[in-house]
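# Structural characterization, general
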Amino acid sequence: MTKKFEEILFLVFFVLILPDSVVAQQGLVTAQAAVKTVKLTGFTRARTVLTLATEISGKVEKILVDVGDPIPKNRQFACLDETFINLDIAENQAELRRVDAEVTYFKKQVSRHQMLITHNSTAQSQLDDVERSYAISRSQYAALTVKGKRLKERKKRHCTTAPVGWNVIERSVEPGQWLDVGDRIGTVGDFSQMLIPLALSMAEYQVIRKSANRLQIQLLDMNATVPAHLERVSPAFDEQSRKIMIDLQVGKGISERRGGLRAQLILNIPIQTGAVVVPENAIQKRYEEYWLTRSNGKEIKVNYLGRNDENRGDGVARAKVVSPDVHPGDQFRIRDQAK
């Protein structure tokens, strides 16, 4: 007996003694939970929108950006006329120089009178008067210094600023227009991070929460699919819609970041009836009744719910069935193996 002939005999013997479950394993299919497809539609918006208002009164001298423009590095949106504030600052600096000269003078006078006191050449009252004048001049200098800082800070507020890189949504003023404190200047938004607000049922929210970092958003107007993740969830309950309000943050891959882009999220929501999806070649029909056969040969009667419309791209026709004895993950034979 040759070695090759012995190997053939061994293989035939090995196949004959294999258990039926192992041989049938290749002809098994797995039941999967039946789902319904839900399409949620929302529109993109800026992550943050900020309304700008003037902090002082004055006439608009220049506007540095227009609708759609990004805020430049100097952060300036619009500036008011600085003529009078510059005059106030110049006046303050002149007063500071005058008082500084008085501080220097009275400081020397105090030193002189202290020396004269040691030689009994002047009265103590004269020294007291000079020290009082010296203290008053220093106090005036300190007050003028604080006033100077206030004026410089006020000058800064002649220009209304916004975060660098944000885009102008609205401009509400024109050059030469007079503004009072609190008047609206414009609106800017942060489009570097865009959100999509959605209102969800509890079942939809649970599906999104489980796949929070693996979501795919279809931007219908741009014919693009981009990643997204669950950014925030409102703890409140909307009494009118009776839904949960969430925000999805759009990931990278958008060529144009703007509000109002139509976005669609497709979710597969498990059906609560306990129905499962199996390939149709695993379902046997006999006398208007439908059956599935387990891997051990036991037949299970099921209710046939119709074809499953979900296309998984493998060309396999599937159907929905339901039975109290059938659960997702159960394995069944295909028809050829069930005979």
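To be clear, the structure that these remarks concern was listed above.
Residues numbered from 1 in each chain as written. Predicted model: local features only at pLDDT ≥ 70, side-chain atom pairs only at ≥ 80, totals over all residues. Heavy atoms only, no water.

### Here's the deal with the overall build of the chain
What the chain contains, in helices and strands, is 6 helices and 20 strands. Within the chain, the proportion of its 339 residues that are buried is 35%. Of the contacts formed within the chain by residues at least 6 apart in sequence, a portion of 72% connects residues at least 24 apart. On the chain, roughly 21500 Å² of surface is accessible, and the fraction owed to carbon and sulfur atoms is 51%. (Helix = DSSP H or I, 4+ residues; strand = E, 2+ residues; numbered from the N terminus. Buried < 20%, exposed > 50% of the residue type's maximum accessible area, 1.4 Å probe, protein only. Contact = heavy atoms within 4.5 Å. Areas by Shrake-Rupley, 256 points an atom, 1.4 Å probe, with all protein chains shown as cover.)

### A word on the layout of surface pockets
Estimates place the volume of the largest pocket at around 240 Å³. Lining the largest pocket are 14 residues, and of these Gln206, Val207, Asn268, Ile269 and Pro270 lie nearest its centre. The greatest single-element share of the lining of the largest pocket, amounting to 6 residues, is contributed by strand 14 (residues 262-270). Quantified by volume, the second largest pocket comes out at close to 180 Å³. (1 Å grid on protein atoms, 1.4 Å probe; cavity = no way out; pocket = protein on both sides within 12 Å on 5 of 7 lines; lining within 4 Å. Points joined across faces, edges and corners; volume = space filled by probe spheres on them.)

### Details of the pattern of salt bridges
This model, assessed by the stated rule, comprises 17 salt bridges. Between Glu170 and Arg184 there is a salt bridge, with its nearest N and O atoms 2.8 Å apart. With Glu170 in strand 8 (residues 167-171) and Arg184 in strand 10 (residues 184-200), this residue pair connects regions lying 14 residues apart in the sequence. Judged by its relative accessible area of 34%, Glu170 is partly exposed. Note on Arg184: relative accessible area 42%, which makes it partly exposed. In this structure, a network of salt bridges that share partners links the residues Arg45, Arg232 and Asp247. (Salt bridge = Lys/Arg side-chain N within 4 Å of Asp/Glu carboxyl O.)

### Examining the sheet that holds strand 18 (residues 299-307)
Reading across from one edge, 2-15-19-18-17-16 is the order of the 6 strands in this open sheet, with antiparallel pairing throughout. In this open sheet, the two strands that pair with only one neighbour each are strand 2 (32-33) and strand 16 (284-286). Here strand 15 (residues 276-279) pairs with strand 19 (residues 318-322) via 4 bridges, running antiparallel. Pairing of Pro279 across the sheet is with Arg318, part of strand 19. (Pairing = 2+ DSSP bridges.)

### Side note on the packing of aromatic side chains
This model, assessed by the stated rule, comprises 2 aromatic pairs. Plain terms: the ring middles of Tyr105 and Phe106 are 5.2 Å apart, the flat faces sit at 65° to each other, and that makes the pair edge-to-face. By relative accessible area, which is 45% here, Tyr105 ends up partly exposed. With a centroid separation of 4.8 Å and 20° between ring planes, the pair formed by Tyr290 and Tyr304 is classed as stacked. (Phe/Tyr/Trp six-rings, centres within 6.5 Å; stacked < 30°, edge-to-face > 60°.)

### What to know about the nonpolar core
Ranked by size, the top nonpolar core spans 27 residues in total, and within it Leu198, Ile208, Ile217, Ile246, Leu248 and Leu265 carry the most contacts. Going through the elements one at a time, strand 3 (35-43), strand 10, helix 5 (202-210), strand 11 (215-219), strand 12 (224-233), strand 13 (244-250) and strand 14 are the ones with two or more residues in this core. The leading source of residues in this core is strand 10, at 5 residues. Leu198 has contacts with Leu40, Thr41, Gly42, Ile244, Met245, Ile246, Leu248 and Leu265, leaving out every residue within four places of it along the chain. Core analysis: the second largest hydrophobic core is formed by 16 residues, Val173, Leu179, Ile185 and Val188 among them. (Core = buried A, V, L, I, M, F, W, Y, C linked by side-chain atoms within 4.5 Å.)

### Concerning the sheet that holds strand 6 (residues 76-80)
To summarise the sheet geometry, strands pair through backbone hydrogen bonds and adopt either a parallel or an antiparallel arrangement. Pairing within the open sheet is antiparallel, and its 4 strands lie in the order 7-6-5-9. Sheet topology places strand 7 (159-161) and strand 9 (178-179) at the edges, where each strand pairs with a single neighbour. Sheet topology note: the strand 6/strand 7 ladder contains 3 bridges and is antiparallel. Each residue of the ladder has a partner; that of Gln76, found in strand 7, is Thr161.

### Side note on helix 5
For helix 5, every residue scored as buried is listed here: Glu204, Tyr205, Val207 and Ile208. Taken down its axis, helix 5 places every buried residue within 160° of arc, on the same side. Those residues of helix 5 hidden inside the fold are in contact with strand 3, strand 10, strand 11, strand 12, strand 13 and strand 14. (Arc of directions from axis to C-beta.)

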